[in-house]
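Below are the chains, spelled out letter by letter.
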Amino acid sequence: MEKSSEVSGFYKKSMEERLKFIQEFACLTDEEVATIRNTGGLPVGTADKMIENVVGGLTLPMGIGVNFRINGKDILIPMVIEEPSVVAAASNAARMARVKGGFSADFSGPVMIAQVQLVDVDRPQEAKEKILARKNDILELAAKQDPILIQAGGGPKDLEVRVIETSMGPMVITHLLVDTRDAMGANAVNTMAEAVAPMIEQITGGRVLLRILSNLAVHRLARARAVFEREIIGGEAVVEGILNAWAFAEADPFRAATHNKGIMNGISSVVLATGNDTRAIEAGAHSYAARNGRYSSLTTYEKDADGNLVGSIEVPMAVGIVGGATKTHPVARIALKIMDIQSAAQLAQIIACVGLAQNFAALRALATEGIQRGHMGLHARNVAISAGAQGELVDKIAQQMVKERKVRADRAKELLAEYSNK
Ligand code: NAD
């Protein structure tokens, strides 16, 4: 009989019932069921409330980025990621940045944008002016939606109105600018956008459709900067190599995609470690990288008067320390404690520094020995583990494969058989 994935009320079942169902559906062994049932540092009851249809968890390693000195303070940075060599690269870059005092960072403030889309307007410019004329009323109504946020010192601060041309005709887009303090703020600003929509319809006579935040958080920018001493990073040729690598990314979207992917290796791993929304940050970063009409680098590099390399990054950073999973996931709370985080602004700055560190490390490797040498050593361990190696055989097989420049599953299996028989 063909199996059916159509299940009504799956969400109403207990986790055990769901597990039983998928065990039968996918012929899982008891051991496999026990493996997914294990939710690691996240209590089962919390996991079950966090998303829908929960059957278990997937634990990723948390590594600690070391050597970071940010705005004069030493910080240990939890990073959660499945990819080898990211934590090592960030730590290595941070060690080199320390020589010149580490990273300096700042933050533009936690202001999010909520968009309200207005259609069916005959005179869009007039509608825009009418909305702007009632700015205070709109902001006041928005503020009423979240007294807790107002108490925390945040709330709606300003309003922008844009007329855009679309394939469906002109639209009037209102941006509510909301200071969301220590929250990422998606729920907070979405509620406000929904609340003010009828007022905008009434003011303009138009029809409101979408009411939702924008992840292109241009009023919530984190910036970081570091000076890398020429001799520490390998001399003049390395400085020139990195400048060329960066210029390539700045000029070419094909290169910029991978350049920024490396930056996000660092950024997303801290975002994830703190229970924040990786997709929100990634959408913000990539759209910001294309803000001038061509997708480009999120970092910049230049030489200072002494020939040292100066790197900087500017990236939207809508992370929170209240709300979402940041408070409910116990591991995320511990991650914040490790970094001694007191505000979302502080976290945003740290994350920008990790992004810059990661980018510097990648460019330095690419501009010198190539990325594979360092990367392959770590990758080789994963290949060895996948081939079934355990204990000290993991390193032994990995080292041999790197030496032979054959980091491959078939070679790992051969070596495993060879060493196991000894
Ligand atoms: P939330 O609604 O859980 O918590 C935020 C609320 O906490 C605020 O509205 C405020 O009332 C209260 N609060 C208490 N102390 C505060 C302080 N010091 N500073 C600020 N607020 C304080 O969470 P949220 O941050 O509004 O939403 C985040 C969640 O929304 C994330 O899980 C995200 O994944 C999700 N989300 C994202 C998108 C998107 O990115 N496009 C869309 C929808 C939802």
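Up top you'll find the structure we're talking about.
This text gives an overview of the structure that appears in the document. All values reported here derive from a predicted model rather than from experimental measurement.

What counts, and where the lines are drawn
Residues numbered from 1 in each chain as written. Predicted model: local features only at pLDDT ≥ 70, side-chain atom pairs only at ≥ 80, totals over all residues. Heavy atoms only, no water. Axes fitted to C-alpha atoms, helices over the stretch in contact; angles between N-to-C directions. Helix = DSSP H or I, 4+ residues; strand = E, 2+ residues; numbered from the N terminus. Parallel < 35°, antiparallel > 145°, perpendicular 65-115°, else oblique. Left-handed = near helix turned anticlockwise from the far one by under 90°. Contact = heavy atoms within 4.5 Å. Nonpolar A, V, L, I, M, F, W, Y, C, P; charged D, E, K, R; others polar. Buried < 20%, exposed > 50% of the residue type's maximum accessible area, 1.4 Å probe, protein only. Arc of directions from axis to C-beta. Pairing = 2+ DSSP bridges. Near = heavy atom within 4 Å. Polar contact = N/O pair within 3.5 Å; in protein donor to acceptor, adjacent residues only side chain to side chain. Areas by Shrake-Rupley, 256 points an atom, 1.4 Å probe, with all protein chains shown as cover. Core = buried A, V, L, I, M, F, W, Y, C linked by side-chain atoms within 4.5 Å.

**Here's the deal with the packing of helix α17 (residues 392-404) against helix α18 (residues 409-420)**
Right, on to step 1. Where α17 contacts α18, the axes come no closer than 10 Å and their chain directions differ by 130°. One finds that α17 runs oblique with respect to α18. At the point where α17 passes α18, the crossing takes the right-handed sense. Facing α17, whose interface residues are L393, K396, I397, Q400, M401 and E404, α18 presents R411, A412, L415, L416, Y419 and S420.
Right, on to step 2. When grouped by side-chain class, the residues that make up the contact of α17 with α18 number seven nonpolar, two polar and three charged.

**Quick word on helix α5 (residues 124-133)**
Each α-helix turn comprises 3.6 residues. Residues three or four places apart therefore point the same way.
Right, on to step 1. Residues P124, A127 and I131 constitute the buried set of α5. Looking straight down α5, one finds that the buried residues subtend no more than 55° of arc, so they occupy a single side. Exposed residues pointing more than 90 degrees away from the buried face of α5 are listed as E129 and A133.
Right, on to step 2. Buried residues along α5 sit in contact with β4 (111-119), α6 (135-143), β5 (155-166), β6 (169-179) and α8 (186-204).

**A short note on the sheet that holds β6**
Right, on to step 1. Taken in spatial order, the four strands make up an open sheet running β5-β6-β4-β7, and their pairing is antiparallel. Only two strands of the sheet have a single neighbouring strand rather than two, namely β5 and β7 (207-214). Here the strands of the sheet are splayed against their neighbours by 20° on average, with no regard to which way each runs.
Right, on to step 2. Here β4 runs beside β7; their pairing, made up of six bridges, is antiparallel. By the bridge assignment, V116 is partnered in β7 with R211.

**Section: the site of the ligand**
Right, on to step 1. Around the ligand lies a shell of 21 residues, among which D146, G185, N187, N215 and D277 are the nearest.
Right, on to step 2. A188 places a main-chain nitrogen or oxygen 3.1 Å from an oxygen atom of the ligand.
Right, on to step 3. D277 places a polar side-chain atom, nitrogen or oxygen, 2.6 Å from an oxygen atom of the ligand.
Right, on to step 4. With the chains in place, 71% of the 870 Å² that the ligand exposes on its own is no longer accessible.
Right, on to step 5. Among the elements of the structure, α7 (147-151) and α8 are those that each provide at least two residues to the shell around the ligand.
Right, on to step 6. Per element, the largest residue contribution to the shell around the ligand is four residues, and it comes from α8.

**Focus: the side chain of R255**
Right, on to step 1. By secondary structure assignment, the location of R255 is in helix α11 (residues 253-273).
Right, on to step 2. Setting aside its immediate chain neighbours within four residues, R255 contacts F248, A249, L363 and L366.

**Things to note about the side chain of S91**
Right, on to step 1. Within the secondary structure, S91 is located in helix α4 (residues 86-98).
Right, on to step 2. By relative accessible area, which is 9% here, S91 ends up buried.
Right, on to step 3. S91 has contacts with I64, G65, V66 and N67, leaving out every residue within four places of it along the chain.

**Quick look at the packing of α4 against helix α15 (residues 344-367)**
Right, on to step 1. Where α4 meets α15, the closest approach of the two axes is 8 Å, and the angle between their N-to-C directions is 95°. Here α4 lies roughly perpendicular to α15, going by the angle between them. Only A357, Q358, F360, A361 and R364 of α15 make contact with α4, whose side of the interface consists of V86, A89, A90, A93 and M96.
Right, on to step 2. When grouped by side-chain class, the residues that make up the contact of α4 with α15 number eight nonpolar, one polar and one charged.

**Quick look at the nonpolar core**
Right, on to step 1. The biggest cluster of nonpolar side chains holds 94 residues, and the ones touching the most others in it are I77, F103, L176 and I267.
Right, on to step 2. Take this core: its biggest share by element is twelve residues, from α15.
Right, on to step 3. With residues near it in sequence (within four places) discarded, L176 still touches M112, I113, A114, I138, L139, A142, D158, L159, M192, A193 and V196.
Right, on to step 4. Formed by 14 residues, the second largest nonpolar core is a distinct cluster that contains A380, V383, A398 and L416.

Spatial relationships are all this shows, so hold off on functional conclusions.
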